[in-house]
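Examining the three-dimensional arrangement
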Amino acid sequence: MEFFRIRRDIPFMRHALVFNIISLVTFLAAVFFLVTRGLNLSVEFTGGTVMEVAYSQPADLNRVRAAVAQLGYSDVQVQNFGSARDVLIRLPARKGVSSAQQSERVLAALKADAPDVVLRRTEFVGPQVGEELATDGLKALAFVVVGIMIYLAIRFEWKFAVAAIIANLHDVVIILGFFAFFQWEFSLAVLAAVLAVLGYSVNESVVIFDRIRENFRRYRKMNTVQIIDNAITSTISRTIITHGSTQIMVLSMLLFGGETLHYFAMALTIGILFGIYSSVFVAAAIAMWLGVRREDLVKSGGKKSGEIEDPKDPNAGATV
């Protein structure tokens, strides 16, 4: 499907330096906020109290949040658990207040709003568990990055692997920078969204890299800049359709998914937007500056099937 057929190549690489300077400034700003403000870690990472309560009727989560917020818990997590009548509440740890005291106060506030509420269980999540989750999350992120580098280096060439990893880490750090700057809660769901963005972003890079390799084989007289511009232009219809559809779905979760999915969808929204940008203006440009060339991707030898020795129009066959 090609709804947006573009006849002439768009000179993306002509403006690559300007856009990469913008990317560098944004990246450094994200790192600055991560260092100075840090992430607002959720209960899973910092430790706290987990309560499960049950209502006789489907629970109104907004009323539950409002009742708990009256006790001074601004970053409490409230979500359905199993059914619409069961609610799971995660409370951050407070100095000088035990888990039992926290649960008693919260239950009293909930009973004042709805007398039919019943406490099913209460548990304390210690900071040691939080440290293990943070460590495991960093390990998962590291394994994903290493796996992507190995995959791209085998499938394409090491220059593409380096370019893609820089672009993907650019996306991840910017997402974390947004969460640090606005002090949005960073939970396990947000970590899952970050890992999803890594895979999503590398998929876009692979599509563009694959077309670059194909163009090196097809157009022997085009230089590297023309090859990259042609590759991005010829896949732009696919980019608009794919990312547009995905962004609509993620925005639906952001707008209508409620508090439980809000920050998960927010991380995906930021990641998808910057993933498109980084695949075009960061990954492709870095590959160009690293000196990727036809000899890196096409083995020497006779002309292969599909190669074009000297096309009259360099843009001929740009969209296939």
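The structure contained in this document is the topic of the report that follows. Because the structure is a prediction, the values reported are computed rather than measured.

1. Examining the pattern of salt bridges
When their charged atoms lie close together, side chains carrying opposite charge are able to pair. For the structure shown, the criterion picks out seven salt bridges. Across the pair Arg213 and Asp210 runs a salt bridge, and its minimum N-O distance is 2.8 Å. Remark: Asp210 and Arg213 occur in helix α7 (residues 188-218); sequence separation between them is three residues, near one turn of the helix. Residues joined in a network through salt bridges with shared partners are Glu52, Arg121 and Glu123.

2. Some details on unusual backbone geometry
What is expected of a backbone is that most residues other than glycine have negative phi and most peptide bonds are trans. Residue Gln183 is not a glycine yet carries a positive backbone phi of 55°. By the secondary structure assignment, Gln183 is in the loop between α6 (158-182) and β6 (185-186).

3. Observations concerning the side chain of Ser201
Mapped onto the fold, Ser201 is located in helix α7. With residues up to four places along the chain from it excluded, the contact list for Ser201 reads Asn168, Asp171, Gly275, Ser278 and Ser279.

4. Regarding the sheet that holds strand β3 (residues 77-81)
Note on sheets: strands pair through backbone hydrogen bonds, and any given pair is parallel or antiparallel. One open sheet accounts for four strands, arranged β3-β4-β2-β5; its pairing is antiparallel. This sheet does not close on itself; its edge strands, each paired only once, are β3 and β5 (118-125). Averaged over neighbouring strand pairs, the angle between their axes works out to 20° when direction is ignored. Alignment of strand β2 (residues 48-54) against strand β4 (residues 83-92), held across seven bridges, turns out to be antiparallel. Bridge assignment links Thr49 to a residue of β4, and that residue is Leu91. Across the sheet, helix α4 (residues 99-113) is in contact with β2, β4 and β5; its angle to β2 comes to roughly 35°.

5. Looking at the environment of Ile208
Tracing the sequence through the fold places Ile208 in helix α7. Accessibility expressed as a relative area gives 1% for Ile208, which makes it buried. Discounting chain neighbours no more than four positions away, the residues touching Ile208 are Ala231, Ile232, Thr235, Ser279 and Val280.

6. Examining the packing of aromatic side chains
For the structure shown, the criterion picks out 15 aromatic pairs. Relative to Phe209, the ring of Phe160 has its centre 4.2 Å away and its plane inclined at 20°; by these criteria the two rings are stacked. Of this pair, Phe160 sits in helix α6 while Phe209 sits in helix α7; the two residues are 49 residues apart in sequence, bridging distant segments of the chain. You can call Phe209 buried: its relative accessible area is 0%. Judged by centre distance (4.8 Å) and plane angle (85°), the rings of Phe181 and Phe182 are edge-to-face. Judged by relative accessible area, which is 32%, Phe181 ranks as partly exposed. Cluster of aromatic residues (ring-pair linked, three or more members): Phe32, Phe33, Phe178, Phe179, Phe181, Phe182, Trp184, Phe186, Tyr263 and Phe274.

Calculation criteria
Residues numbered from 1 in each chain as written. Predicted model: local features only at pLDDT ≥ 70, side-chain atom pairs only at ≥ 80, totals over all residues. Heavy atoms only, no water. Salt bridge = Lys/Arg side-chain N within 4 Å of Asp/Glu carboxyl O. Helix = DSSP H or I, 4+ residues; strand = E, 2+ residues; numbered from the N terminus. Contact = heavy atoms within 4.5 Å. Pairing = 2+ DSSP bridges. Axes fitted to C-alpha atoms, helices over the stretch in contact; angles between N-to-C directions. Buried < 20%, exposed > 50% of the residue type's maximum accessible area, 1.4 Å probe, protein only. Phe/Tyr/Trp six-rings, centres within 6.5 Å; stacked < 30°, edge-to-face > 60°.

This is a description of form; function is not addressed.
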